[in-house]
Amino acid sequence: MGYLSQKKKLSRENSFLKIMMLFIGVATLAFLFSGGLIGFKRWFFQIYLLNILALVYSLFIRRFFASCIFVFMLLINYFNLASCTQIFINRDVSSERGFHLTYMPKQDLHISGENIEKIRSGRILLAPNAEAYFSTIKQQEQILTLIQIDWENISYKEKKTAIKQLERFILSLDNSAVVYGDFGVPAWSRSMKNLMENTGLKVKNRLVFSYKGRTSILFSIPSFYVLSFQNVGVKSIKAKPARVDIDISIN
């Protein structure tokens, strides 16, 4: 390769890295300080992936100063995500006890396992178009209220109302709860963060993308979550086009 060609190639590579630094840097700042701008913040996991790719590319072409900048931004983005959700692995608890949940939208709860006694069940309306199915069960002296939701196709305003009402319902319970389903918003949205901060709930599952026929990580917004307290974990979660299978462990 001639000198001029090499110089042009280096110039293109440097320009691309500068654009990536600027874009990822602005996106990171916007995520930290944009408040409730869910229209932008919902794509933050894709920004995280882009940050990883930019880092790999800068290492490949031996731009180590740029690599250091991408590592710094990647650490910020990772800790921002990790503070809200599990990313690639489920959060399990060490226990022999547990049960299986089969999530199917707009249907009653499907629960299977040993020594499960159903105490009560029903349906609650949390917003005009947002309902939740619940069932309180007992397994070996452990009482849990399971709450299943599917809020993908309601307006963002109603999702905020429903999440706030869900918070009040959970705080009114005398026992632990497991909330699972499609919240319609990512865990790092302001509504979800408020829910977890005010109730003590934590995300227990890895990010799910293949739910309801979604197959592309690049264009899917993760909104399916299993939330619960410290004594409950997720052993496995398998998303299929028509349902999600969840294995729950209880300490």
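In short, a report on the structure. (Residues numbered from 1 in each chain as written. Predicted model: local features only at pLDDT ≥ 70, side-chain atom pairs only at ≥ 80, totals over all residues. Heavy atoms only, no water.)

## A short note on the packing of aromatic side chains
Each pair of aromatic rings is reported with the distance of its centres and the angle of its planes. We apply this condition: Only rings of Phe, Tyr and Trp enter the pairing, Trp through its six-membered ring, and a pair is recorded when the two centres are within 6.5 Å. The plane angle decides the type: under 30 degrees is stacked, over 60 is edge-to-face, the rest tilted. Every helix listed is a DSSP run of H or I at least four residues long, and every strand listed is a run of E at least two residues long, numbered separately from the N terminus. Only protein chains enter the accessibility calculation, which uses a 1.4 Å probe; a residue is then buried when its area is under 20% of its type maximum, exposed when over 50%, and partly exposed in between.
The full count for this structure, using the stated rule, is 10 aromatic pairs. Ring centres of Tyr-103 and Phe-224 lie 4.9 Å apart, and the angle between their planes is 75°; on these two criteria the pair is classed as edge-to-face. Linking Tyr-103 in strand β1 (residues 97–103) with Phe-224 in strand β8 (residues 224–228), this pair joins segments that are 121 residues apart in sequence. In terms of burial, Tyr-103 and Phe-224 fall into one category: buried.

## Looking at the sheet that holds strand β10 (residues 244–250)
To be explicit about the condition: When DSSP locates at least two bridges between a pair of strands, those strands are taken to pair. Here an angle of 0 to 180 degrees is reported between the N-to-C directions of two axes, which are lines fitted to C-alpha atoms, with helices fitted over the stretch in contact.
The sheet built from 4 strands is open, its strands ordered β2-β1-β10-β9 with antiparallel pairing. Strand pairing shows two members of the sheet lacking a second neighbour, β2 (110–112) and β9 (232–239), which therefore form its edges. The average angle at which neighbouring strand axes cross in this sheet is 20°, direction not considered. Sheet topology note: the β1/β10 ladder contains 7 bridges and is antiparallel. Pairing of Thr-102 across the sheet is with Asp-245, part of β10.

## As for unusual backbone geometry
The backbone of Lys-106 sits at a positive phi, close to 60°, despite the residue not being glycine. Mapped onto the elements of the fold, Lys-106 is located in the loop between β1 and β2. Look at Asn-115: it is not a glycine, yet its phi comes out positive at around 60°. As for its placement among the helices and strands, Asn-115 is situated in the loop between β2 and β3 (116–127).

## Topic: a nonpolar patch on the surface
Stated precisely, the cut-off is as follows: Patches here are clusters of residues that have more than 30% relative accessible area and form no salt bridge, with a 9 Å joining cutoff for like charges and a 5 Å cutoff for nonpolar side chains (Val, Leu, Ile, Met, Phe, Trp, Tyr). Per-residue accessibility takes into account occlusion by the displayed protein chains alone, with areas from the Shrake-Rupley method and a 1.4 Å probe. Criterion for a salt bridge: a side-chain nitrogen of Lys or Arg within 4 Å of a carboxyl oxygen of Asp or Glu.
A surface patch of nonpolar side chains, about 380 Å² in accessible area, is lined by Val-71, Leu-75, Tyr-78 and Phe-79. Structurally, Val-71 can be placed in helix α4 (residues 64–82).

## Description of the sheet that holds strand β6 (residues 176–182)
Basically, it comes down to this: The criterion used for residue contact is that any of the two residues' heavy atoms lie within 4.5 Å.
Strand order in this open sheet of 6 strands is β3-β4-β5-β6-β8-β7, and the pairing throughout is mixed. In the strand order of this sheet, the two ends are held by β3 and β7 (202–203), each with one partner. The pairing of β3 with strand β4 (residues 130–139) spans 10 bridges and is classified as antiparallel. Of the residues in β4, the one forming a bridge with Ile-116 is Gln-139. Those strands touched by helix α5 (residues 156–171) are β3, β4, β5 (142–150) and β6, and its axis lies near 140° from that of β3. Across the sheet, helix α6 (residues 190–199) touches β7 and β8, and the angle it forms with β8 is around 15°.

## Re the pairing of β1
The buried fraction of β1 is high, at 5 of 7 residues. Joining the antiparallel neighbours β1 and β2 is a turn of 6 residues, in which Lys-106 adopts a positive phi near 60°.

## With respect to the side chain of Thr-136
Convention followed: Whenever a nitrogen or oxygen atom comes within 3.5 Å of another N or O atom, the pair is scored as a polar contact, on the condition that within protein one atom can donate a hydrogen and the other can accept it, and that pairs from neighbouring residues in sequence are kept only if both atoms are in side chains.
In this fold, Thr-136 is placed in strand β4. Thr-136 gets classed as buried once you look at its relative accessible area, which sits at 4%. At 3.0 Å, the side chain of Thr-136 and the side chain of Thr-145 are in polar contact. When residues no more than four places from it in sequence are discounted, the contact partners of Thr-136 are Glu-117, Lys-118, Ile-119, Arg-120, Ile-143, Leu-144, Thr-145 and Asn-175.

## Here we look at the side chain of Asp-182
Turning to its location among the elements, Asp-182 is positioned in strand β6. We classify Asp-182 as buried; its relative accessible area is 0%. Among the polar contacts made by the side chain of Asp-182, one reaches the side chain of Ser-223 at a distance of 2.7 Å.

## Quick notes on the environment of Asn-198
One can find Asn-198 in helix α6. Look at Asn-198 and you get partly exposed, because its relative accessible area is 41%. Separated by 27 residues in sequence, Asn-198 and Leu-171 have C-alpha atoms that sit 8.8 Å apart. The residues touching Asn-198, leaving out its near neighbours within four places in the chain, are Lys-164, Glu-167 and Leu-171.

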